[in-house]
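Residue-level listing of the chains:
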Number of protein chains: 4
Amino acid sequence: MKTDIAARADEPSIRSAILFYNEQKPEAVRWLRKVQALLKARGLRVWMGSPATLRERLPMADIVVAMGGDGTMLRAARLVAPRSVPLLGINTGGLGFLSGTDAQELNRHIGTILEGRFVLEERWMLSVEATRGARKVFGPAIALNDCVIRCGDQARAITLQASCANLFVANYFGDGLILSTPTGSTAYALAAGGPVVDPRLDAFLIAPICPHTLTQRPLILPAKEPVVVTVSRRQPQENPQILISLDGQVGCSLRVGSQVTIRRYEKPLKLLVNPKRSYFQVLRSKLKWGER
Amino acid sequence: MKTDIAARADEPSIRSAILFYNEQKPEAVRWLRKVQALLKARGLRVWMGSPATLRERLPMADIVVAMGGDGTMLRAARLVAPRSVPLLGINTGGLGFLSGTDAQELNRHIGTILEGRFVLEERWMLSVEATRGARKVFGPAIALNDCVIRCGDQARAITLQASCANLFVANYFGDGLILSTPTGSTAYALAAGGPVVDPRLDAFLIAPICPHTLTQRPLILPAKEPVVVTVSRRQPQENPQILISLDGQVGCSLRVGSQVTIRRYEKPLKLLVNPKRSYFQVLRSKLKWGER
Amino acid sequence: MKTDIAARADEPSIRSAILFYNEQKPEAVRWLRKVQALLKARGLRVWMGSPATLRERLPMADIVVAMGGDGTMLRAARLVAPRSVPLLGINTGGLGFLSGTDAQELNRHIGTILEGRFVLEERWMLSVEATRGARKVFGPAIALNDCVIRCGDQARAITLQASCANLFVANYFGDGLILSTPTGSTAYALAAGGPVVDPRLDAFLIAPICPHTLTQRPLILPAKEPVVVTVSRRQPQENPQILISLDGQVGCSLRVGSQVTIRRYEKPLKLLVNPKRSYFQVLRSKLKWGER
Amino acid sequence: MKTDIAARADEPSIRSAILFYNEQKPEAVRWLRKVQALLKARGLRVWMGSPATLRERLPMADIVVAMGGDGTMLRAARLVAPRSVPLLGINTGGLGFLSGTDAQELNRHIGTILEGRFVLEERWMLSVEATRGARKVFGPAIALNDCVIRCGDQARAITLQASCANLFVANYFGDGLILSTPTGSTAYALAAGGPVVDPRLDAFLIAPICPHTLTQRPLILPAKEPVVVTVSRRQPQENPQILISLDGQVGCSLRVGSQVTIRRYEKPLKLLVNPKRSYFQVLRSKLKWGER
């Protein structure tokens, strides 16, 4: 699942970049000019990217550089994955599970990155679609971390029925369900009590949110078969309000009877990572495993 | 904390009852006539109680009999507690943590109950009030189980700042907080990973819902001092939507800056319980501790 | 991963069976004659199997039938896997996650089983070996559920250092570690807070037992690379007593400096399962997901 | 529960101190002379305390100063509590939940302490005794944190039957049980999944260790009634090996049929704490609640 991007050409392969950033994060904006200058000094053509320009320039870019935290990375990932453009995250604060480098260390890494000595790691993503009867009510849309189906304002607990490859898995009664990729296992699913899943695994994580059935635990399933979640109710008069959201950023509300189909998206995200920093090192540092 | 109600008079003390039930539960309605007949046959004056008639007749009733599940009991508890009228729950299905007897066994217990050989157990309740600046925005309202402050539709994670007796406790970043009585510890707080707290204890349970800080755990505090929760934000531009609800039944939405004060309510609920069925027996049976 | 055993021959493929049972379980012994008679009536050659006779007769048997609970199945699995003989579990009480049928239902299933209409499901197993310096101190030995490394009598908490494919994963300070197969995820690892892992996944589960570092969570890793656990100490004068055990049945004690290597065993267990009973059905029934 | 020690006399009340330390902790030894000098400079009579001298000098000491981590504090607490001598902990590294001050800050605090402006906080302790039939097999002994009853070398899971005030609570099948004071809730019980219990509460925490019954949760009970734990077995032939330990430091092994009675010890520990550092501040800092 790891390929060396330099292997694709004998010439330096990265000649143009899109800079993608979170305008609402002052730290990201502060780093913007610095990074732009750094890349131009190396001879790259650089575009600054709002989501709109990003979409337009993507066919011409060799790389997208996202500056900010994990929120910015998730937004960028959903934009670049369909076009298979490599993504490099520059962390300007916060957790940064997905970043290839911290902003402070970019200077030290920029050479190795542009010379293709960073590694392209593939992360698989979710493709999500919701229907109600014959009608499509959401998607298809993609997500890098997770698809969350949970109760909205009026509801206290909802019933979700999950099945996998046409086999009934379980009814979950509680706040909702998180359908997560391995990448998303260190995000919201972790807060809901889920395990950490190595991104090399081709597996879904289904984590119930505050399940009333105390014996229901997070469940790890092969990703090759789609998971279908049906919004149900326990009593005929119930009409719970339900929300679906992808990566905590894109979503809508659902009604009883809606069916959400969660599949592995056909194209993986190509993430640039520092080969000298292992996944476990990221875990230890972000989750503070060295301390109590 | 236990008193024998027969001790209050040498005459049979229970002469009139209000029957309170959930009209939407067919099982409760099915039992209604049966229970009414049973009570009348014992010479009691019986009123059928919608919440409105209940409030009107309360000063004249010696007892309120609530038929349904825990939802019906919670509704009844909030109505009877301010007038200190004893409450008997008749479970017609579901969990029934608060019931004195199952509907099927009522026949066997009715004598003991009316002769005052059931026990009055006191359960303390919450009094909740929310202000924003000088303005009251919610309450005061009471709850038997819990006060839940959680993120609404638009928000993914919210910041709540808790303090106790003017001492800062912690900032909680996640789905929200449950402030629970011991009685409520077997309700939503249990689904959120909380412990079981014996109702004889004068203690609050603060249970974070999916906290992003993995070291934050449920916290048990003395109930004699109020807990204050302030709705905060992490960044100036954030304007999260927040919901408050009592016993999952009464609530409203809150804005950043609101302060929720949670106190022990001055009057306890007087709950009729079967002296032959201990609290631990209820736990073992409801939580299926005899099985895996 | 599923193969139809009847496909291996046009003749009925099962002609001889070894009956393996737990002599200490009265229920198993009670069923013994009944099952023996049932199999003989179908024309099978049947041997009764203590572990010793089992080993001797294995090359001649088409199937091993294990009567008892999961403990008996684990014992049988470690015996049959190296010879690739299919295993059928007949549950005579208890949990029975691994059984193909309950004893009460055998009569109904025996035909389908012998005609090859039960399905052979492959379950991967662990191969475990411990060394200290150049000296082998345990194994190689195999396990179907798990390898547990935990503190013994004198120690309260121990330090275990885990690595995977020569990459340092983490130091775990606490009661110990469970290295589990997907099959073992519903056994001890579940009690330690682990998730349920679908047996079709080629993944290890590393579940810390009461870790003092509260942010350490169960971890799911690809099974293709061995996991190495080194028994460490925090201070030079410490000399903790450590125990290793496989499936809770086979084990020894270890000293500081020992290295335990846990690999996927090269031969899978061939388990006979009822194709009409899905893995999820087993989960729902054993973990009582239909109830609270 | 808080009393100002200076209030007991108009003269400075602390004239003599015992210095208690962990000889195996180099950091503690390093601080020893420094602290001794500091106290002598203030005119105090100072004795250096091995456990033996400590016991002998206790009647003459106004205070015991324990240098080290929480292990040293637990050892000192069990020695001083029966004589009601106030205890001051000086943290020389590690967690230090019980310390009044860090070694580095002693200089700044020593004046306030000796002038009686530190606060005496009372922490209640456990008194534990085990019998088998008419014979006493352990104790009575006291503990500040917890009494742990768990499986020893040979056993994988044990059955413990708990009762409270002659009422059967539950059978716990798993690795064992932790009976903890509120003070102990941030120690081993936290690693086993327990909540944090405010030390002002008069409550026991019963936390099961890896219970096989997934619905069994930590349980908070009033401390005024003793908890009795009986070592049981599930099958007649079982003879599990069981260990009991207090504060992880004192213990012995138990056999099936033993009864452990855990009571609130009649004398509280008198702990010197910094009035400017609240319990919540200690939690936030030790459990790193400011970080993820």
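Not measured: the values here are computed from a predicted model.

Draft legend 1. Seen up close, the sheet that holds strand β19 (residues 250-254) of chain B. The strand order across the open sheet formed by 7 strands is β19(B)-β18(B)-β10(B)-β13(B)-β15(B)-β16(B)-β14(D), and the pairing between neighbours is mixed. Unpaired on one side and paired on the other, β19 of chain B together with β14 (196-197) of chain D mark the two borders of the sheet. Direction of pairing for strand β10 (residues 146-151) of chain B relative to strand β18 (residues 242-246) of chain B: antiparallel, over a ladder of 5 bridges. Looking across to β18 of chain B, one finds that Cys151 of chain B is bridged to Ile242 of chain B.

Draft legend 2. Quick look at the relation of the copies chain D and chain B. Expressed as a screw transformation, the operator carrying chain D onto chain B has a rotation angle of 180 degrees and an axial translation of 0.0 Å, and the superposed copies differ by an RMSD of 0.0 Å. Taken together, the rotation angle and the small translation identify this as a two-fold axis. Among all C-alpha atoms of chain D, that of Pro195 of chain D lies closest to the rotation axis, at 3.4 Å. The fraction of interface residues of chain D whose copies in chain B are also interface residues reaches 100%, indicating that both copies meet through the same surface.

Draft legend 3. Looking closely at the relation of the copies chain B and chain A. The two copies are related by a screw motion: chain B maps onto chain A through a turn of 180 degrees and a shift of 0.0 Å along the axis, at an RMSD of 0.0 Å. When the interface residues of chain B are mapped onto chain A, 97% of them again fall at the interface, so both copies present the same face.

Draft legend 4. Broad picture of helix α4 (residues 106-114) of chain B. Residues and elements named next belong to chain B. Residues of α4 that are buried include every one of Leu106, His109, Ile110, Gly111, Ile113 and Leu114, and no others. On its buried face, α4 sits against α1 (26-41), β5 (87-91) and β6 (101-102). Trailing α4 by a residue or two, Gly116 shows a phi angle of about 80 degrees, which is positive.

Draft legend 5. Examining the interface of chain B and chain A more closely. Counting residues at the interface gives 30 residues for chain B, matched by 29 residues for chain A. Roughly 2,100 Å² of surface becomes buried between chain B and chain A when both sides are summed, with 48% attributable to carbon and sulfur atoms. When residues of chain B are sorted by the area they lose upon contact with chain A, Asp153, Arg156 and Tyr188 of chain B head the list and together hold 29% of the total. Where chain B touches chain A, the interface holds 0 salt bridges. Where chain B packs against chain A, one counts 4 residue pairs in polar contact (both at pLDDT 80 or more). The dominant element in the side of chain B that touches chain A, judged by the number of residues it contributes, is β10 of chain B, at 4 residues. Of the residues assigned to the side of chain B that touches chain A, the class counts are 13 nonpolar, 9 polar and 8 charged.

Draft legend 6. The interface of chain D and chain B, seen in detail. Contacts between the two partners involve 38 residues from chain D and, on the opposite side, 38 residues from chain B. Summed over both partners, the interface of chain D with chain B buries about 3,200 Å², with 62% contributed by carbon and sulfur atoms. The salt bridge involving Glu225 of chain B is made with Arg200 of chain D; its shortest N-O contact spans 3.0 Å. Here chain D and chain B share 20 residue pairs in polar contact (both at pLDDT 80 or more) between them. Residue assignment for the side of chain D that touches chain B shows that the elements contributing at least two residues are β12 (167-174), β14, β16 (219-222) and α6 (279-286) of chain D. Here the side of chain D that touches chain B gets 5 residues from one element, more than from any other, and that element is β12 of chain D. Residue composition of the side of chain D that touches chain B, by class: 22 nonpolar, 7 polar and 9 charged.

Draft legend 7. Spotlight on the domain arrangement of chain A. Residues and elements named next belong to chain A. Entries for chain A in the domain assignment read domain 1 (2-124 + 268-287) and domain 2 (126-264). Each of domain 1 and domain 2 has a C-alpha centre, and the two are 30 Å apart. Contact with domain 1, which involves 16 residues of that partner, is made by 26 residues of domain 2. Of the roughly 1,600 Å² buried at the junction of domain 1 and domain 2 (both faces included), carbon and sulfur atoms supply 67%. Counting the contacts that link domain 1 with domain 2 gives 1 salt bridge. Between Asp247 and Arg78 there is a salt bridge, with the nearest N and O atoms lying 3.0 Å from each other. Our count for the domain 1 to domain 2 interface comes out at 6 residue pairs in polar contact (both at pLDDT 80 or more). Elements with a minimum of two residues in the side of domain 1 that touches domain 2: α3 (70-80) and α6 (279-286). Of the residues contributing to the side of domain 1 that touches domain 2, the split by class is 12 nonpolar, 1 polar and 3 charged.

Draft legend 8. Representation of the pairing of strand β20 (residues 259-264) of chain D in the model. All names here are of chain D. By the bridge criterion, 6 bridges tie strand β8 (residues 126-132) to β20 in an arrangement that is antiparallel. Within β20, the position partnered with Val128 by the bridge is Ile262. Here strand β17 (residues 227-232) pairs with β20 via 4 bridges, running antiparallel. Following the sheet pairing, Val227 is matched in β20 by Ile262.

Draft legend 9. Highlighting the packing of helix α1 (residues 26-41) of chain D against helix α4 (residues 106-114) of chain D. Residue and element names in this part refer to chain D. The geometry of α1 relative to α4 is characterised by a closest axis approach of 11 Å and an angle of 35 degrees between their N-to-C directions. Helix-helix and strand crossings are classified by hand; for α1 and α4 the assignment is right-handed. Contacts from Val35, Leu38 and Leu39 of α1 reach α4 at Leu106, Asn107 and Ile110. When the residues that make up the contact of α1 with α4 are grouped by side-chain class, the tally is 5 nonpolar, 1 polar and no charged.

Draft legend 10. Quick look at the pattern of salt bridges. Residues and elements named next belong to chain A. By the definition in use, this model includes 40 salt bridges over all chains. Across the pair Glu105 and Arg108 runs a salt bridge, and its minimum N-O distance is 3.6 Å. Taking the relative accessible area as the measure of exposure, Arg108 reaches 59% and is therefore exposed. Through salt bridges that share partners, Glu129, Lys136 and Arg263 make up one connected network.

Procedures and definitions
- Residues numbered from 1 in each chain as written.
- Chains lettered and ligands numbered in written order.
- Predicted model: local features only at pLDDT ≥ 70, side-chain atom pairs only at ≥ 80, totals over all residues.
- Heavy atoms only, no water.
- Pairing = 2+ DSSP bridges.
- Helix = DSSP H or I, 4+ residues; strand = E, 2+ residues; numbered from the N terminus.
- Least-squares fit on C-alpha atoms with pLDDT ≥ 70 in both.
- Contact = heavy atoms within 4.5 Å.
- Buried < 20%, exposed > 50% of the residue type's maximum accessible area, 1.4 Å probe, protein only.
- Buried area = accessible area lost by both parts, 1.4 Å probe.
- Salt bridge = Lys/Arg side-chain N within 4 Å of Asp/Glu carboxyl O.
- Polar contact = N/O pair within 3.5 Å; in protein donor to acceptor, adjacent residues only side chain to side chain.
- Nonpolar A, V, L, I, M, F, W, Y, C, P; charged D, E, K, R; others polar.
- Domains from an automatic or database assignment.
- Axes fitted to C-alpha atoms, helices over the stretch in contact; angles between N-to-C directions.
- Left-handed = near helix turned anticlockwise from the far one by under 90°.

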